[in-house]
Amino acid sequence: MGLKAYLNDIVEAVVTTAKGMRITARYGVDPKEEVTLQYPEERWEIPKGYRGFLHNDIKTCTACNMCVKVCPIDCISLESVRGADKKMVLCSYDINIGRCMYCGLCVEVCPVNSLLHTSGYEMASVALGELILHFIAAEDAPEIKARVARQVAEAAVKAAAQAAAKAAEVPSSGTAEAAKVAEAAKAEAAKAPVVEPKAAMEEAPQAPVSEPTVAKEGEKKE
Amino acid sequence: MSGPADFIFYAAAAMTVGAAILVAILPNILYAAVALLFSFAGVAGLYVLLSADFLAATQILVYVGGILVLLLFAVFLSNRISDGKTTNPTHFRLPAAAICLVLFGVLSYAAVSTPYAVKKGVYLPTTADIGELLMTRYLLPFEVASVLLLAALIGAALLSRPDRAASVKGEMEEGKR
Amino acid sequence: MEALAISLVNAVPLLAGVPLWTVTLLLMVAVAAVILVFALTFEGVGSLVLRKVAGDIQARIGPNRVGPNGMLQFLADGVKLVLKEDIIPANADRLLFKLAPYFVFVGSFAAFVVVPFGVGLIAADLNIGIYYVMAVTSLVVIGVLLAGWASNNKWALLGGMRAAAQIVSYEIPVGMALIPAVLIAGSLSLQDIVRSQGGLLGIFGWNLFHNPFTFFSFFLYFTAAQAETNQTPFDLPEAESELVSGYNVEYSGIRFGLFFLAEFGDMFIVAALATACFLGGWNVPFFHVGTLPWIWGNLLSLGVFLTKAFAMVLIMMWVRWTLPRLRVDQLMRMSWKYLVPLTFVNLLGVSLWLLVFRGKGIPGMIASLFG
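Residues numbered from 1 in each chain as written. Chains lettered and ligands numbered in written order. Predicted model: local features only at pLDDT ≥ 70, side-chain atom pairs only at ≥ 80, totals over all residues. Heavy atoms only, no water.

Draft legend 1. View of the domain arrangement of chain C. Residues and elements named next belong to chain C. Here the domain parsing of chain C yields domain 1 (1-83) and domain 2 (85-369). Its C-alpha centre places domain 1 at a distance of 19 Å from the equivalent point of domain 2. With 21 residues of domain 1 in contact, the opposing surface of domain 2 contributes 24 residues. Approximately 1,900 Å² of surface area, both sides summed, lies buried where domain 1 meets domain 2, with 85% of it carried by carbon and sulfur atoms. It is Phe42, Leu50 and Leu81 in domain 1 that bury the most area against domain 2; as a group they hold 32% of the surface buried on that side. Counting the contacts that link domain 1 with domain 2 gives zero salt bridges. In this assembly, domain 1 and domain 2 are joined by three residue pairs in polar contact (both at pLDDT 80 or more). Put simply, the parts of the chain that give the side of domain 1 that touches domain 2 at least two residues each are α2 (20-57) and α3 (73-83). Sorting elements by how many residues they give to the side of domain 1 that touches domain 2 places α2 first, with 16 residues. Along the lines of polarity and charge, the residues of the side of domain 1 that touches domain 2 split into 17 nonpolar, three polar and one charged. (Domains from an automatic or database assignment. Contact = heavy atoms within 4.5 Å. Buried area = accessible area lost by both parts, 1.4 Å probe. Salt bridge = Lys/Arg side-chain N within 4 Å of Asp/Glu carboxyl O. Polar contact = N/O pair within 3.5 Å; in protein donor to acceptor, adjacent residues only side chain to side chain. Helix = DSSP H or I, 4+ residues; strand = E, 2+ residues; numbered from the N terminus. Nonpolar A, V, L, I, M, F, W, Y, C, P; charged D, E, K, R; others polar.)

Put into structure tokens, the structure is as follows:
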């Protein structure tokens, strides 16, 4: 190392130090440079389109399952049964918000805009299970299922009765085709009341077991 | 000298000698090093009582700040040093005792028979006079000592430096791979 | 101290029967207590200011919860340090582990003895003042090394080794950079050095402006001293990001507190030495403090000294929060290849200047031109 390089090193050290100290002095003196937000007392303005916690409006939700399918980390789980009017009825809708990464895909895919990001971002809990948002309480699920099953059964009975009435009318005036339809309706009517409630009852105890086991533990702790 | 000065002298002397004995008998070499620190401090206290404040500060600076640190470094960088049994073994007791006795006799004879230049009263400050003597009367020993130390420094640097040619060659071979 | 004791015995008739050395001893203890209280207060407030300055420089706010505007934070910290559990690792060397913090604290605190706070405010005006500071602070090295070893922790050991290597290396440039002030005053006593910068020249009587070499000497001293006290651009022994916190990683409670206090004590010592040796010490510009009544002269000079010293501490903090940490090899290169040669050249320059111009500085020569 030559003398020139040596002296250059010294000059560079002094100059760069002075430069750095000028910058820090500016930060130190200027109170406007402070960027700290004293969080619990001061809050930042939430921007438009902010992706906070998810919220599902279960009244408009059609249980189309799109959000469940699109979720890349499977933090949404829903359960539904087919109602009397052939529409799906939700019996549980859980979002594990502790796992959610706020990608927003579920909101985008929701056809009825029932699933939305809120502006909420504060949530603290002592147990992991508390981070699962239940939009329908877990204990309500069997009740809903039973109710829907009842409605379906009633509708089926009604339909069978109607079909039977029709079938009774038809042979006198009708064709062979009509007779076939009546047969089918009869068979269906015979099957429906037996099978459907059974399936509902079988599924009912399973529903709480599938996802929110942790939730139950958390609740127990409390 | 009045009472307290005597007391301080005996305290300092006791500290020096006691710590020195501990240095000799402690099996753990680190404890011995710490005891050595107290011994040095006691000697510095004796210097202060002799109005040799510059010498006292030098004692602390050189022995505590230099030699003891060097000693500790040597201990830290040695292998198996924490194995207390192997650090300070006692061998050759009889020859050692003989050598010690002879050395003690020679030193005490020297200490008793030397005609010291005694100066009564407080003699302060000593710094300027020490500096002047080092630059005039004792210039040659001073310079010889410094040249010796410089030689030791250069030698240490030379020994601890990795063989540059070998390391460059090794790097090139590494690069080829 | 003995003179003070004699005057005290003369002033207070109650003390007439007491032996003089007892009075002197008690006075020494009292003075030590006063200095200890000052040191502890400085260290407490210093830690708060350090954090506040850090906050300002890093565009944050800093502590602001305890007391008005966070002013009592240091009390909370102190209470925490005192009350915290004192943990000694199971495999640590218990004796050395307990002993090490005291070495560090004593080494740092003993230097306060010769700090010239005012015209008559100095615990002991040793005629080897600066040399004494250099000597007692070497005790810190031992403490740090032992702390690192006794913790039985590889980070602590690495930190201790680094600290020792660093302090030993930087002691040389620190000492060499202080010698110009000693040469000008012709004495190692800090009071003499301060007095040599007095007179009617005002701030131009300071050693800083004595001649170009002393000017550089000041900056060399400041850089080297910053390194000797393990301040941030040179805080390799503590390097949080690599060594957790270095030699004191296993320490908790009041033992950690002692290391912490020693660090701030060192900071003040460095600032005080810089003030005394280069910035005129307690000298009030254009004014002889000695002519005032004892109490006012001391108060005024104390104020001047502390203002300068605290300003230096603030600058140290400013540097601390500006520069990134050096690497070990860079640190050693800086000491041995830059600071040591430069301080030697400087020393030579000052000596030659004093020889050629018969001890006169540039401001003095200009002043003598105008009569």
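Draft legend 2. Structural view of the interface of chain A and chain C. Counting residues at the interface gives 17 residues for chain A and 16 residues for chain C. In total, about 1,500 Å² of surface goes out of reach between chain A and chain C, with carbon and sulfur atoms giving 60% of it. Taken together, chain A and chain C are joined by one salt bridge. Residue Arg65(C) pairs with Glu41(A) through a salt bridge whose shortest N-O separation is 3.3 Å. Counting every contact that joins chain A to chain C gives eight residue pairs in polar contact (both at pLDDT 80 or more). Classifying every residue of the side of chain A that touches chain C by side-chain character gives seven nonpolar, six polar and four charged.

Draft legend 3. Representation of the packing of aromatic side chains in the model. Residues and elements named next belong to chain C. Taken as a whole, this structure holds 34 aromatic pairs over all chains when the rule is applied. Judged by centre distance (5.9 Å) and plane angle (20°), the rings of Phe218 and Phe222 are stacked. Of this pair, Phe218 and Phe222 both sit in helix α8 (residues 212-228), four residues apart, which is roughly one turn of the helix. We classify Phe222 as buried; its relative accessible area is 9%. Counting every residue linked through ring pairs, the aromatic cluster contains Phe38, Phe42, Phe105, Phe109, Phe112, Phe117, Phe268, Phe305 and Phe310. Its end group placed over the ring of Trp321, Arg320 keeps NZ or CZ at 5.5 Å from the ring centre. (Phe/Tyr/Trp six-rings, centres within 6.5 Å; stacked < 30°, edge-to-face > 60°. Buried < 20%, exposed > 50% of the residue type's maximum accessible area, 1.4 Å probe, protein only. Lys NZ or Arg CZ within 6 Å of the ring centre and 35° of its normal.)

Draft legend 4. Molecular detail of the domain arrangement of chain A. According to the domain assignment, chain A consists of domain 1 (3-33) and domain 2 (54-145). On a C-alpha basis, the centres of domain 1 of chain A and domain 2 of chain A stand 56 Å from each other.

Draft legend 5. Summary view of the pairing of strand β3 (residues 88-96) of chain A. Residue and element names in this part refer to chain A. Among the nine residues that make up β3, seven are buried, leaving the element largely enclosed by the rest of the structure. The hairpin turn running from strand β2 (residues 76-82) into β3, its antiparallel successor, is five residues long, and Lys86 in that turn takes a positive phi close to 65°. Pairing of β3 with strand β5 (residues 132-134), which is carried by three bridges, proceeds in the antiparallel orientation. The residue bridging Asn96 from the neighbouring strand is Ile132, located in β5. (Pairing = 2+ DSSP bridges.)

Draft legend 6. Here's a closer look at the nonpolar core. Counting 110 residues, the largest nonpolar core has Ile142(C), Leu146(C), Tyr221(C), Phe268(C) and Phe305(C) as its most contacted members. If one sorts the elements of this core by residue count, helix α5 (residues 129-150) of chain C sits on top with 17 residues. Filtering out sequence-adjacent residues up to four positions away, Ile142(C) remains in contact with Leu37(B), Val64(B), Leu68(B), Val69(B), Leu72(B) and Phe103(C). Core analysis: the next-biggest nonpolar cluster, separate from the first, contains 28 residues, Cys71(A), Val81(A), Ile97(A) and Val107(A) among them. (Core = buried A, V, L, I, M, F, W, Y, C linked by side-chain atoms within 4.5 Å.)

Draft legend 7. Up close: the pairing of β2(A). Residue and element names in this part refer to chain A. Burial within β2 is extensive, with five of its seven residues counted as buried. Sheet topology places β2 next to β3; seven bridges connect them, and they run antiparallel. Along β3, the bridge assignment pairs Leu78 with Tyr93.

Draft legend 8. Structural context of the interface of chain C and chain B. Between chain C and chain B, the contact holds 25 residues from the first and 26 residues from the second. Summed over both sides, the interface of chain C with chain B buries roughly 2,200 Å², with 84% coming from carbon and sulfur. Looking at the side of chain C that touches chain B, the elements that each hand over two or more residues are α4 (94-109), α5 and α6 (154-185) of chain C. In terms of residues, the side of chain C that touches chain B owes the most to one element, α5(C), which gives 10 residues.

Draft legend 9. Expanded view of the pattern of salt bridges. Residue and element names in this part refer to chain A. For the structure on display, the rule yields eight salt bridges over all chains. Its salt-bridge partner being Glu122, residue Arg43 comes within 2.5 Å of it at the nearest N-O pair. Residue Arg43 is located in the loop between α1 (3-29) and β1 (54-56), and its partner Glu122 is located in the loop between β4 (115-117) and β5; the two are separated by 79 residues in the primary sequence. For Glu122, a relative accessible area of 42% gives the class partly exposed.

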